[in-house]
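# Chain and residue survey
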Amino acid sequence: MLDRLSPQPPDALLAVMTAFANDHSPDKVDLGVGVYKDAAGVTPVMAAVKAAEARLIAEQGSKSYVGPAGNRLFATLVEQLTLGSDHPALREGRVATLQTPGGCGALRLIADLIVKTGVTTDLLIGDPTWTNHHPLLTSAGLTAHRFAYYDTVTAQLQFDRMVAALEAAPEGGVVLLQGACHNPTGADLSLAQWSAVADVLERRGLVPLVDQAYQGLGNGLDADAAALRMLAARLPEVLIAVSCSKNFGLYRERVGAIIVVARTPAQALTTFGTLQMLARRMYSMPPDHGAAIVATLGADPALLGIWRAELDGMRVRVNTLRTLLAAALASEYGDRRFDHIATQRGMFSILGVLGLDAVARLARDAHVYTAPDGRINLAGLPEAAAGRVAAAIRRVAP
Ligand code: LMR
């Protein structure tokens, strides 16, 4: 049986992590995989998370099963952080929330849910997008239809083309949208553009699937959820995949959630049961530890305050690094072609000037690692290296 398998190439983004780890230059800079780093180049365990974890370990009396839906306290907290505590869909009891193994687990289970409905397998995905979106969602049986989202050469959103694609989408199809801090471009829609998107979705009966992986890292916790909250208020059905990897720094603990806004409370309940059945068939139950940390943290207003302040600090630091690199590139190139880096949001921007060859030379000659598509993670930039990184980029992309 196993002789029928063929060797698989390593995941291109994860291979950058390995290449960086194997580079022993003291000058190496990791702008590759999307993890937050502090000024010391460390992806820290947040202080509020550490405190909640210590409390959890001291007080947890059992490690018995939590069930396919996961930790209910966690689910309530995530609902409130994502939708806001007074969202009409919550008040009306039209929301089903299930803990999942990370944001990836949420996306995959949502894909299974869509297929299970039997209504559609059509999924519209903007181009470019996070490299794992296509494999993760299409392997569940969805058919991806790409639409232009952002031009990496001109650094412009392709909003008109996006709207035209939505207008032409298959009836009842699902549209993958990123709530904030777009991966890999850093280019988010304005609220007016979101509202125009909602108009088309509403009119055409399309269902948004919102990937919300970076809440709090763009313009703040509430600002980064504004678009999603508006969609959930206007549209009858909204599918949301939440990740706690970045904003709680819980990457390896695999903490995420599915939030489904349904048309009626009865449909929310049926969806909740269906998601539990699908989870039971796939991995049975989500891992407990990370979600229990979030639940412990969220139940204590003091810890919640510390976490919010830490997250604010991360956001401000990333935005400062954006300004720093944009200025370094402006002085290196003598023009403003990289100004968008300063105004985009979240950890990523994509440098259209970096083709595959330039990405390879940047790593080999300057020890600066980016994602294969030319995406840079601003959080990985040491302040002192901004000038050197800008010069190295210019050398490979004059
Ligand atoms: C990224 O985009 O770098 C992160 O989301 C890590 C991953 O799993 O790809």
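Residues numbered from 1 in each chain as written. Predicted model: local features only at pLDDT ≥ 70, side-chain atom pairs only at ≥ 80, totals over all residues. Heavy atoms only, no water.

## A few points about the pattern of salt bridges
Inspection of the entire model under this criterion finds 18 salt bridges. For the salt bridge of R394 with E332, the shortest nitrogen-to-oxygen distance reads 3.9 Å. Of this pair, R394 sits in helix 15 (residues 386-396) while E332 sits in helix 12 (residues 301-333), and the two are 62 residues apart along the sequence. Each member of the salt-bridge network shares a partner with another, and the members are D199, E202 and R234. (Salt bridge = Lys/Arg side-chain N within 4 Å of Asp/Glu carboxyl O. Helix = DSSP H or I, 4+ residues; strand = E, 2+ residues; numbered from the N terminus.)

## A few points about the domain arrangement of the protein
Domain annotation for the protein reports domain 1 (2-45 + 304-396) and domain 2 (65-299). Here domain 1 and domain 2 have C-alpha centroids that lie 26 Å from each other. Opposite the 24 residues of domain 1 that make contact, domain 2 presents 28 residues. Buried surface at the junction of domain 1 and domain 2, summed over both partners, amounts to about 2,300 Å²; 62% is from carbon and sulfur atoms. Where domain 1 meets domain 2, there are 0 salt bridges. Taken together, domain 1 and domain 2 are joined by 9 residue pairs in polar contact (both at pLDDT 80 or more). Here the residues of the side of domain 1 that touches domain 2 sort into 10 nonpolar, 8 polar and 6 charged. (Domains from an automatic or database assignment. Contact = heavy atoms within 4.5 Å. Buried area = accessible area lost by both parts, 1.4 Å probe. Polar contact = N/O pair within 3.5 Å; in protein donor to acceptor, adjacent residues only side chain to side chain. Nonpolar A, V, L, I, M, F, W, Y, C, P; charged D, E, K, R; others polar.)

## A short note on the pairing of strand 7 (residues 174-178)
Looking along a regular strand, one sees side chains alternate from face to face of the sheet. Most of strand 7 is tucked away: 5 of the 5 residues are buried. Residue alternation in strand 7 divides its side chains into two sets, V174, L176 and Q178 and V175 and L177, and both sets are buried. As judged from the 5 bridges shared by strand 7 and strand 8 (residues 207-212), these two strands associate in the parallel manner. The residue bridging V174 from the neighbouring strand is V207, located in strand 8. (Buried < 20%, exposed > 50% of the residue type's maximum accessible area, 1.4 Å probe, protein only. Pairing = 2+ DSSP bridges.)

## Remarks on empty space enclosed by the protein
A complete count under the given rule lists 4 cavities of 30 Å³ or more for this structure. What the largest cavity holds in volume is close to 110 Å³. Within the residue set of the lining of the largest cavity, elements represented by two or more residues are strand 3 (122-127) and strand 7. For the lining of the largest cavity, the element with the highest residue contribution is strand 7, accounting for 3 residues. Its residues assigned to classes, the lining of the largest cavity shows 8 nonpolar, 5 polar and no charged. By volume, the second largest cavity is sized at about 60 Å³. Considering the residues around the second largest cavity, the lining is formed by V78, L81, T82, Q215, L221, V242, C244, N247, F248 and W307. (1 Å grid on protein atoms, 1.4 Å probe; cavity = no way out; pocket = protein on both sides within 12 Å on 5 of 7 lines; lining within 4 Å. Points joined across faces, edges and corners; volume = space filled by probe spheres on them.)

## What about the environment of S195?
Along the chain, the position of S195 falls in helix 8 (residues 191-204). For S195 and R94, which are 101 residues apart along the polypeptide, the C-alpha to C-alpha distance reads 22 Å. Excluding anything up to four places from it in sequence, S195 contacts M230 and R234.

## Description of the packing of helix 3 (residues 72-83) against helix 9 (residues 226-234)
Interaxial distance between helix 3 and helix 9 falls to 8 Å at its minimum, and their mutual angle equals 100°. Considered as vectors, helix 3 and helix 9 are oriented roughly perpendicular to each other. Facing helix 3, whose interface residues are Q80, L81, T82 and L83, helix 9 presents L228, R229 and A232. For the contact of helix 3 with helix 9, the class distribution of residues is 4 nonpolar, 2 polar and 1 charged. (Axes fitted to C-alpha atoms, helices over the stretch in contact; angles between N-to-C directions. Parallel < 35°, antiparallel > 145°, perpendicular 65-115°, else oblique.)

## Here's the deal with a nonpolar patch on the surface
Taken together, the side chains of M1, L2 and L5 make up a nonpolar region of the molecular surface, amounting to roughly 430 Å² of accessible area. Looking at where M1 falls in the secondary structure, it is placed in the segment before helix 1 (12-22). (Patch = residues over 30% accessible without salt bridge, like charges linked within 9 Å, V, L, I, M, F, W, Y side chains within 5 Å. Areas by Shrake-Rupley, 256 points an atom, 1.4 Å probe, with all protein chains shown as cover.)

## A few points about the site of the ligand
The local shell around the ligand consists of L13, V33, G34, W130, N183, Y214, K246 and R375. Backbone polar atom of G34 to an oxygen atom of the ligand: 2.6 Å apart, as the coordinates give it. Within the contact set of the ligand, an oxygen atom lies 2.8 Å away from a side-chain nitrogen or oxygen of R375. When the free accessible area of the ligand is taken as 260 Å², the share hidden by the protein chains comes to 78%. Tallied by class, residues from the shell around the ligand come to 4 nonpolar, 2 polar and 2 charged. Looking at the shell around the ligand, you find at least three residues from each of domain 1 (2-45 + 304-396) and domain 2 (65-299). (Near = heavy atom within 4 Å.)

## Overview of the packing of aromatic side chains
Tallied over the entire structure, the rule returns 4 aromatic pairs. Ring centres of F20 and Y369 lie 5.6 Å apart, and the angle between their planes is 85°; this geometry places the pair in the edge-to-face category. Placement of the pair is F20 in helix 1 and Y369 in strand 12 (residues 368-370), with a sequence separation of 349 residues. Take F20: its relative accessible area is 15%, and that puts it in the buried class. The exposure class of Y369 is buried, given its relative accessible area of 9%. For the ring pair Y214 and F348, a centre distance of 5.6 Å and an interplane angle of 90° mean the geometry is edge-to-face. (Phe/Tyr/Trp six-rings, centres within 6.5 Å; stacked < 30°, edge-to-face > 60°.)

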